[in-house]
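Overview (structure and organization)
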Amino acid sequence: MALHDMEDFTFDGTKRLSVNYVKGILQPTDTCDIWDKIWNFQAKPDDLLISTYPKAGTTWTQEIVELIQNEGDVEKSKRAPTHQRFPFLEMKIPSLGSGLEQAHAMPSPRILKTHLPFHLLPPSLLEKNCKIIYVARNPKDNMVSYYHFQRMNKALPAPGTWEEYFETFLAGKVCWGSWHEHVKGWWEAKDKHRILYLFYEDMKKNPKHEIQKLAEFIGKKLDDKVLDKIVHYTSFDVMKQNPMANYSSIPAEIMDHSISPFMRKGAVGDWKKHFTVAQNERFDEDYKKKMTDTRLTFHFQF
Amino acid sequence: MAESEAETPSTPGEFESKYFEFHGVRLPPFCRGKMEEIANFPVRPSDVWIVTYPKSGTSLLQEVVYLVSQGADPDEIGLMNIDEQLPVLEYPQPGLDIIKELTSPRLIKSHLPYRFLPSDLHNGDSKVIYMARNPKDLVVSYYQFHRSLRTMSYRGTFQEFCRRFMNDKLGYGSWFEHVQEFWEHRMDSNVLFLKYEDMHRDLVTMVEQLARFLGVSCDKAQLEALTEHCHQLVDQCCNAEALPVGRGRVGLWKDIFTVSMNEKFDLVYKQKMGKCDLTFDFYL
């Protein structure tokens, strides 16, 4: 789709945004068009960045982090929907606006969001020594979640059949690139910068412990009562019903929750109901090759 | 995409109503009122019986058996209607009366469990070849078969069908009991117990076993020619244009079973086959 067409683009429930490559990473075309601005984003020292591969617990972490900062004040988190509270740096979607503009207009301290691989992170965030929280999710559940997300989200390419998407994901030909490269890139960076590297599966298994870890990293001392409150309000069932966190305020032409809800399962091991035995064998073989150069490990089930 | 198990609809009632129970075994409707006559069916010493649970490679086995016993050419088999030559005992066509009158040596097929076969067979009065197939490939094949049959009109999901299989709720009853019952009789002098996977893995040995069992004497050259002919049949079966690609392939189930279904299946398999020393190749 040509640039001038993009300016007039309106979602009608059938059309989807086009995508292109930035430094070898697939992105919505609008993001590609403003890449220089994204790369030159000016961070502030008190910015807090939440980084994830798509569908690895981003919204969940955003909600937890804000509740930690507000010491469990739930009402403050209900002031606006997720996409308005946390500027998504590289996002530029017709009718939803630009993450950069949102960030510029937001008073400090800002909680920012990105899905960018580490090597494409705007350098200012590292230069200003910003605190960064990275959440990684096991690739099998991540793939399933991303597949359903692409089905319902018209701002991303149509995923095709599950069989087709399986191959697309393995090849890393999805927006924000290869899962393997993403998690490894951030893992290698974690000891050189102020990065707290968390795992989705740990957050599911022991949310209180992981929230405590987040609070310490952010620099907040929270008592047990507040921690328990945050655990409750950020549980999957509560967040799924929370209109300020479940993306139900996004127009249906962009996100069609009747195809698949934004908050679908939030479980560990749901991949087993999607992967065939043959796909699982193929995935494991591929995973072994691509993850041979790292000590990073994941839990695929409890 | 592999369907989510939560989305599995219940099986249509019409599908359910097509079966009837006989001594605790679910049988197809055409068996109704026939079971006593089947039990008393007169068997001849020259008969060769091919017994399988449905979708265990019956068609392929019948052609191989025909080839070995008659010394026929595979091209000839392709030209004749082999199903007419090898009737299924319990099917409505051609029917018991006609099968009784067939000239010897008769080749007769059945899917009935061992205990429901003619009692003369239990007494060792004629040769019985039983073939078992690994249950994962079998259930995939059985599902595809049910989907294609207008009479069965099965419209449930594979998950639902597989659950029925694990719960012994399909035509001809429990696969687990079916194979174990025959396995217990594998040492009977009139029984030859074969496995479908061996046809793909070691056809030479299987042809030798069949020739020996059927009393067909042949030298090495004849045996090689027979095996080559049988190889052609196996290849044809797995690559027939009119059929889903690779439908006779061993390990077909891996493309259909989700990991979750496979785990459940393995649990049921272990539970129901626990004390039995019969093993299967699930892939080659």
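Residues numbered from 1 in each chain as written. Chains lettered and ligands numbered in written order. Predicted model: local features only at pLDDT ≥ 70, side-chain atom pairs only at ≥ 80, totals over all residues. Heavy atoms only, no water.

1. Observations concerning the overall build of chain A
- Scanning chain A from terminus to terminus reveals 16 helices and eight strands.
- Among the 302 residues that make up chain A, the fraction classed as buried is 58%.
- Restricting to contacts in chain A with at least 6 residues of sequence separation, those with at least 24 account for 73%.
- When the accessible area of chain A is evaluated, it comes to approximately 13,100 Å², of which 52% is carbon and sulfur surface. (Helix = DSSP H or I, 4+ residues; strand = E, 2+ residues; numbered from the N terminus. Buried < 20%, exposed > 50% of the residue type's maximum accessible area, 1.4 Å probe, protein only. Contact = heavy atoms within 4.5 Å. Areas by Shrake-Rupley, 256 points an atom, 1.4 Å probe, with all protein chains shown as cover.)

2. Considerations on the overall build of chain B
- Along the backbone of chain B there are 14 helices and six strands.
- Per-residue burial for chain B yields a buried fraction of 54% across its 284 residues.
- When contacts within chain B are restricted to residue pairs at least 6 apart in sequence, those whose partners lie at least 24 apart make up 73%.
- For chain B, the exposed area adds up to about 13,100 Å²; of that, 49% sits on carbon and sulfur atoms.

3. Focus: the UniProt feature "binding site: substrate" in chain A
Residues and elements named next belong to chain A.
- As recorded in UniProt, the feature "binding site: substrate" lies at Lys113, Thr114 and His115.
- Along the polypeptide, Lys113 turns up in strand S6 (residues 111–114).
- Along the chain, His115 falls in the loop between S6 and helix H8 (124–127).
- According to the relative accessible area criterion, His115 is buried, its value standing at 6%.
- Excluding residues within four positions of it along the chain, His115 makes contact with Thr52, Tyr53, Pro54, Thr58, Phe88, Glu90, Trp176 and His182.
- Separated by 2.9 Å, the side chain of His115 and the backbone oxygen of Thr52 make a polar contact. (UniProt positions renumbered as here; feature names shortened; annotations may be inferred. Polar contact = N/O pair within 3.5 Å; in protein donor to acceptor, adjacent residues only side chain to side chain.)

4. Observations concerning the environment of B:Leu121
All names here are of chain B.
- Checked against the element boundaries, Leu121 lands in helix H7 (residues 119–122).
- Since its relative accessible area comes to 3%, Leu121 is described here as buried.
- Note: C-alpha distance between Leu121 and Pro42 (79 residues apart in sequence) is 9.2 Å.
- Contact partners of Leu121, with chain neighbours within four places excluded, come to Val43, Trp49, Ser126, Val128 and Asn190.

5. Description of the packing of aromatic side chains
- Inspection of the entire model under this criterion finds 51 aromatic pairs over all chains.
- The interplanar angle of 80° and the centroid separation of 5.9 Å between the aromatic rings of B:Tyr53 and B:Tyr142 together place this pair among those described as edge-to-face. You can see B:Tyr53 sitting in the loop between strand S3 (48–52) and helix H3 (58–70) and its partner B:Tyr142 sitting in helix H8 (residues 135–148), a full 89 residues away along the chain.
- Using a relative accessible area of 0% as the deciding quantity, one classes B:Tyr53 as buried.
- B:Tyr142 sits in the buried class, given a relative accessible area of 3%.
- The ring of A:Phe149 has A:Lys55 sitting right over it, with the charged end atom 4.4 Å from the ring centre. (Phe/Tyr/Trp six-rings, centres within 6.5 Å; stacked < 30°, edge-to-face > 60°. Lys NZ or Arg CZ within 6 Å of the ring centre and 35° of its normal.)

6. Details of the pairing of strand S7 (residues 131–136) of chain A
All names here are of chain A.
- Most of S7 is tucked away: six of the six residues are buried.
- Burial of the side chains of S7 extends over both faces: Lys131, Ile133 and Val135 are buried on one face and Ile132, Tyr134 and Ala136 on the other.
- As paired strands, strand S3 (residues 48–52) and S7 are joined by five bridges and run parallel to one another. Looking across to S7, one finds that Thr52 is bridged to Val135.
- Here S7 pairs with strand S8 (residues 195–199) via five bridges, running parallel. (Pairing = 2+ DSSP bridges.)

7. Observations concerning the interface of chain A and chain B
- Listed per partner, the contact involves 15 residues of chain A and 15 residues of chain B.
- Across the chain A to chain B interface the summed buried area is about 1,200 Å²; carbon plus sulfur atoms make up 61%.
- Of all residues in chain A, the largest losses of buried area upon contact with chain B belong to A:Lys272, A:Lys273 and A:Val277, amounting jointly to 48% of the total for that side.
- On the surface where chain A and chain B come into contact, there are two salt bridges.
- In this assembly, chain A and chain B are joined by nine residue pairs in polar contact (both at pLDDT 80 or more).
- At the level of secondary structure, the elements contributing two or more residues to the side of chain A that touches chain B comprise helix H9 (139–152), helix H10 (162–170) and helix H16 (277–290) of chain A.
- If one sorts the elements of the side of chain A that touches chain B by residue count, H16(A) sits on top with four residues.
- For the side of chain A that touches chain B, the per-class residue count stands at six nonpolar, four polar and five charged. (Buried area = accessible area lost by both parts, 1.4 Å probe. Salt bridge = Lys/Arg side-chain N within 4 Å of Asp/Glu carboxyl O. Nonpolar A, V, L, I, M, F, W, Y, C, P; charged D, E, K, R; others polar.)

8. Quick look at helix H12 (residues 203–214) of chain B
All names here are of chain B.
- With twelve residues, H12 extends 16 Å between its outermost C-alpha atoms, agreeing within 8% with the 16 Å of an ideal straight helix rising 1.5 Å per residue.
- Those residues of H12 not exposed but buried are Leu203, Met206, Val207, Leu210, Ala211, Phe213 and Leu214. End-on, the buried residues of H12 take up no more than an arc of 165°, which puts them together on one face.
- A positive backbone phi angle near 70° is found at Gly215, which sits one or two residues after H12. (Expected span 1.5 Å × (residues − 1). Arc of directions from axis to C-beta.)

9. Observations regarding the pattern of salt bridges
- Taken as a whole, this structure holds 23 salt bridges over all chains when the rule is applied.
- Between A:Asp47 and A:Arg110 there is a salt bridge, and its shortest N-O distance comes to 2.7 Å. Remark: A:Arg110 occurs in the loop between helix H7 (99–105) and S6 and A:Asp47 occurs in the loop between helix H3 (35–39) and S3; sequence separation between them is 63 residues.
- Salt-bridge contacts for B:Lys272 lead to B:Asp168; the nearest nitrogen and oxygen are separated by 2.9 Å. Taken together, the residues span a long stretch of sequence, with B:Lys272 in helix H14 (residues 259–273) and B:Asp168 in the loop between helix H9 (158–166) and helix H10 (175–184) at a distance of 104 residues.

10. Section: the packing of H8(B) against H9(B)
All names here are of chain B.
- Their axes nearest at 10 Å, the elements H8 and H9 cross at an angle of 120°. It follows that H8 is oblique to H9 by the angle criterion. At the point where H8 passes H9, the crossing takes the right-handed sense. Taken together, the residues of H9 that come into contact with H8 (itself represented by Pro135, Leu138, Val139, Val140, Tyr142, Tyr143 and His146) are Phe158, Phe161, Cys162 and Phe165.
- When grouped by side-chain class, the residues that make up the contact of H8 with H9 number ten nonpolar, one polar and no charged. (Axes fitted to C-alpha atoms, helices over the stretch in contact; angles between N-to-C directions. Parallel < 35°, antiparallel > 145°, perpendicular 65-115°, else oblique. Left-handed = near helix turned anticlockwise from the far one by under 90°.)

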